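Architecture at a glance
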Amino acid sequence: MTISKPVLDAFIDDHLSEQETIRVEKAVRESPELQAQLSSIIASRDMGDHSIGAIWRREHLSCPTREELLSYKDEALDPMRLDYIKFHLETVGCKACKANLSDLIPSSNSNTDPAIMKKHLQFLENSKVLLPKRP
Ligand SMILES: [Zn+2]
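All values derive from a computational prediction rather than experimental measurement.

Before going further, it helps to examine the overall build of the chain. On a plain count of helices and strands, the chain comes out with eight helices and zero strands. Looking at the chain residue by residue over its 135 residues, the buried ones come to 10%. Across the chain, contacts joining residues at least 24 apart in sequence account for 58% of those joining residues at least 6 apart.

For Asp-14, which is not glycine, the phi dihedral falls at a positive 65°. For Asp-14, the location among the structural elements is in the loop between helix 1 (5-12) and helix 2 (18-30). Of the residues examined, Asp-14 has 10 C-beta atoms within 10 Å and is grouped as exposed. The backbone of Glu-75 shows a phi angle near 55°, a positive value even though the residue is not glycine. Looking at Glu-75, the number of C-beta atoms within 10 Å reads 8, which means it is exposed.

At a minimum axis distance of 10 Å, the contact between helix 1 and helix 3 (residues 32-46) shows a crossing angle of 65°. Considering their axes alone, helix 1 and helix 3 lie roughly perpendicular with respect to each other. When the axes of helix 1 and helix 3 are compared, the crossing they make is right-handed. The residues of helix 3 that touch helix 1, namely those facing Leu-8, Asp-9 and Ile-12, are Gln-37, Leu-38, Ile-41 and Ile-42. Split by residue class, the contact of helix 1 with helix 3 holds five nonpolar, one polar and one charged.

This part covers the confidence of the model for the chain. Per-residue confidence for the chain averages 82 on the pLDDT scale, and 88% of its residues sit at or above 70. Taking the mean pLDDT of every element in the chain, the minimum, 70, falls on helix 4 (residues 52-58) and the maximum, 91, on helix 5 (residues 66-73).

Okay, helix 1 next. Along helix 1, the residues that are buried comprise Leu-8, Asp-9, Ala-10 and Phe-11. Of the residues flanking the end of helix 1, it is Asp-14, one or two places downstream, whose phi is positive at about 65°.

Counted at 1.5 Å a residue, the expected span for helix 6 (residues 79-91) with its 13 residues is 18 Å, and the 17 Å between its end C-alpha atoms agrees. Of all 13 residues making up helix 6, only one are buried, and the element is barely covered by its neighbours. Remark: Gly-93 follows helix 6 within two positions and exhibits a positive phi of approximately 65°.

As a further point, take the environment of Glu-90. Mapped onto the secondary structure, Glu-90 falls in helix 6. Glu-90 sits 73 residues away from Ser-17 along the chain, and the two C-alpha atoms are 8.5 Å apart.

The next point concerns the environment of Ser-71. Here Ser-71 is to be found in helix 5. Judged by C-beta crowding, with 17 C-beta atoms within 10 Å, Ser-71 ranks as partly exposed. In this structure the C-alpha to C-alpha distance between Ser-71 and Leu-82, which are eleven residues apart in sequence, comes to 8.9 Å. Ignoring anything within four residues of it in the chain, the contact list for Ser-71 reads Ala-76 and Leu-77.

Rules used in this analysis
- Residues numbered from 1 in each chain as written.
- Predicted model: local features only at pLDDT ≥ 70, side-chain atom pairs only at ≥ 80, totals over all residues.
- Helix = DSSP H or I, 4+ residues; strand = E, 2+ residues; numbered from the N terminus.
- Buried ≥ 20, exposed ≤ 12 C-beta atoms within 10 Å, placed from the backbone.
- Contact = placed C-beta atoms within 7 Å.
- Axes fitted to C-alpha atoms, helices over the stretch in contact; angles between N-to-C directions.
- Parallel < 35°, antiparallel > 145°, perpendicular 65-115°, else oblique.
- Left-handed = near helix turned anticlockwise from the far one by under 90°.
- Nonpolar A, V, L, I, M, F, W, Y, C, P; charged D, E, K, R; others polar.
- pLDDT = per-residue confidence, 0-100.
- Expected span 1.5 Å × (residues − 1).

See the structure below:
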């Protein structure tokens, strides 16, 4: 099995899906060649890898904005952009965007779900006893 440099780059940047990460990790462990390749990539980064590809990945330039993620959630984007974001989230499995998205979803739901609000208030009420009494 061969692993390309872009995949190794994504591995270093933690941009792979969990499954892919496990696959690459295992391959690297078993192959001295891949280990050498990986450490040479890391070394060249430490020297300052200023290639467009490197900057692109580092700055998450292919990532949709939070506004776009919000629109994606509501399917309020043009179909091509929706497709791209779906690809970015589900196929590329971008962790930064997944985290952003899951951050966006509960914030718009929690206030409208009375059961969650009730639990939250209950929790606050119950934890009062743990706080030091004000003098
Ligand atoms: Zn992303």
